[in-house]
Structures are given as C-alpha cells and as structure tokens.
Amino acid sequence: MNYGIYVSYADVKTARGLDDSEHDTLLRTYCRAASLAWDRHTKRRFWPLVATRHYDYPGPWRLRLDADLLEVTTLTNGDGETLTESTHFYLYPLSEYPKWRIDIRRDVGEVFQYESTAQRQISVAGIWGFHDDWDNAWADSGDAVADAGGVNASATSITVIDADGADAWGLTPRFKADTLVKIDSEYLWVTATNTTANAITVVRGVNGSTAAAHDADAGIYTYQPPQDVVHAITRWVMYMYDQKETGVYETTAMPGAGVIQVPQGIPKDVRLAMEGYTRRRVG
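Residues numbered from 1 in each chain as written. Predicted model: local features only at pLDDT ≥ 70, side-chain atom pairs only at ≥ 80, totals over all residues. Heavy atoms only, no water.

1. Let's talk about the nonpolar core
Side chains of nonpolar character tend, in soluble globular proteins, to be buried together.
Here's step 1: Trp-38, Trp-134, Ile-233, Trp-236 and Val-237 are the most contacted members of the largest nonpolar core, which totals 39 residues.
Here's step 2: Of all the elements in the fold, those that place two or more residues in this core are helix 1 (9-16), helix 2 (24-42), strand 10 (186-194), helix 3 (227-242) and helix 4 (268-277).
Here's step 3: With eight residues, helix 3 is the largest single contributor of residues to this core.
Here's step 4: Apart from the residues within four sequence positions on either side, Ile-233 is in contact with Tyr-6, Val-7, Ala-34, Ser-35 and Trp-38.
Here's step 5: Counting 16 residues, the second largest nonpolar core, distinct from the first, contains Leu-69, Leu-83, Phe-112 and Trp-128. (Core = buried A, V, L, I, M, F, W, Y, C linked by side-chain atoms within 4.5 Å. Buried < 20%, exposed > 50% of the residue type's maximum accessible area, 1.4 Å probe, protein only. Helix = DSSP H or I, 4+ residues; strand = E, 2+ residues; numbered from the N terminus. Contact = heavy atoms within 4.5 Å.)

Quick look at the structure:
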C-alpha cells in the first residue's frame, strides 16, 4: 500500500486555530485531496517509494531516469552483474537530490550492456521520490519501540515510550495520525495515536517496504516532506476549509472516501509553489 499525505489534519487545526473535532473528518479528506492533487499537478511524488524500475539498454555509459531517485539499493546490468555505486557508477547531480542520471565510471572497464534483447535490460532498485534534502528527510522522533520483546511483522499496534512527547523540534505530539514513520528499513503509516496507552496504530510495510520484526528500543523516525511543500499544502487545505461555506464547488471522486465536494481554484501562492516543483524532464 502507498501513502503520501504531506500534512496532518492535526497540524492544519493548529495552523487554523481550531480546537474542536467537529470538522476532523472533513480536514482529513482535504489533506488527502490536496496532497494527491499536488502530486498530479507537479507530475512527481514527494514521499519515498521502495521499488524496482526497468530500463531499455541506454547505450554504454549513461542512463537517464524517468522518475526522481533518492537512493540506489541494487543496480543490475543487462548481463545480470550487480554494479556498485562509486566503484562502477556515479549518481547525478553529484551533490543534490533527487538524482536523475546514472553514469558508468569510464576508468573501470565497465559498460551498460544487454544480451538477447535491448528492452528492459537494466534494473534499478532503490528509493524513489522527490526530496531536496534527503539526508535529513527522516527525523528522530525521540521515541522507540517499547513493547517487551519487540514487535513482530504483523502487529498493528506498537507501544512507544511517550506518544504525546515532544519531537526533535520541541513540538507535541511527536506522533500524529496520517504521518509516515520508519523503523529500521520498514515504512509504517500512523492511523491513530493513543496518548493514554502510549501506543500508535499503524499500517505495516507501506510504500513498497517490507513488514518486519523489530527489537525493543528500535528507534522510530518520522518523515519530513520538503517544508515549503508542507506550507503550500497547509495553505491550500485552509483555503478549502474557509471556502466550504461559499457553495462554489468542484465535485471530486476520491477512492475510499466516496464523492466529496472540493472548493474550486487553487490559491495563487500555492500555484506558484506548485509551478516551481513541476517536473519537466522526462527520460
């Protein structure tokens, strides 16, 4: 299952100064709608996806990617050989994220190649998505698995040390519904937080990752989308919330949510931010 909502409805409530739960379901729907629309308009995703993409033989030296790349796990050449970053190839741009090109080192005698056919011969397994500061995309929540003996690969409730404690920036609560967290290499989607029991309810193995057992005291990290993307979508959700009484709507079908009413238009500042992130390079 894939999850990519860039702002929690709880954060929108804080930004909007709302302190009741009357419109929680509506805000939650708006957060999802705005995040999906942002991806659709920019032609890219801003959440990490573990996946393998296959490419036709590109020539001996250079492979241009058709999606944003954050990390390579395994690069397999057309003859089945596994190529190693730095030893056999470099990712470009060298010092920026995301990556959009793989170049073979020309001083090591390696080349891209194929055998029976040139089609789908090069496979790139890795983490895909847009983030301009991937090295700092996962923040230490300051919390950890607190279940005695750890958790197995199917548990959907995980005990933590302090569910409503402060995060790395001193903000509370550190865990919110509709956020992506990571334990070891598994991605988990938080659907609810119980501050009394100090537990989070999660969907396991999301965004292409694999559900796995985790030891007690395993650290929990929270995904931080690019902050200006978070700001723009927060602004968009607040706009939709404030316009809900105007009666000017577009009807939008949302999988899993039925048919909802979304106010027309996108605020100008959100459109400008969106334009700056729109993907124009393909291949």
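The structure having been displayed, the exposition proceeds.
2. Examining the packing of helix 1 against helix 2
Here's step 1: The contact between helix 1 and helix 2 brings their axes to 9 Å, and the two run at 110°. One finds that helix 1 runs roughly perpendicular with respect to helix 2. Taken together, the residues of helix 2 that come into contact with helix 1 (itself represented by Tyr-9, Val-12 and Lys-13) are Asp-24, Leu-27, Arg-28 and Cys-31.
Here's step 2: Taken together, the residues of the contact of helix 1 with helix 2 break down into four nonpolar, no polar and three charged. (Axes fitted to C-alpha atoms, helices over the stretch in contact; angles between N-to-C directions. Parallel < 35°, antiparallel > 145°, perpendicular 65-115°, else oblique. Nonpolar A, V, L, I, M, F, W, Y, C, P; charged D, E, K, R; others polar.)

3. Quick look at unusual backbone geometry
Here's step 1: A cis amide bond links Tyr-92 to the next residue, Pro-93, at an omega of 0°.
Here's step 2: In this fold, Pro-93 is placed in the loop between strand 4 (89-92) and strand 5 (99-104).
Here's step 3: Residue Pro-98 is reached from Tyr-97 by a cis peptide bond, and omega for that bond is -5°.
Here's step 4: In the Ramachandran plot, Asp-178 falls in the positive-phi region, its phi being about 65° despite a non-glycine side chain.
Here's step 5: Topologically, Asp-178 is positioned in the loop between strand 8 (157-159) and strand 9 (179-183).
Here's step 6: Given the relative accessible area of 7%, Asp-178 is considered buried.
Here's step 7: The backbone of Asn-207 sits at a positive phi, close to 55°, despite the residue not being glycine.
Here's step 8: By the element assignment, Asn-207 lies in the loop between strand 11 (199-203) and strand 12 (219-223).

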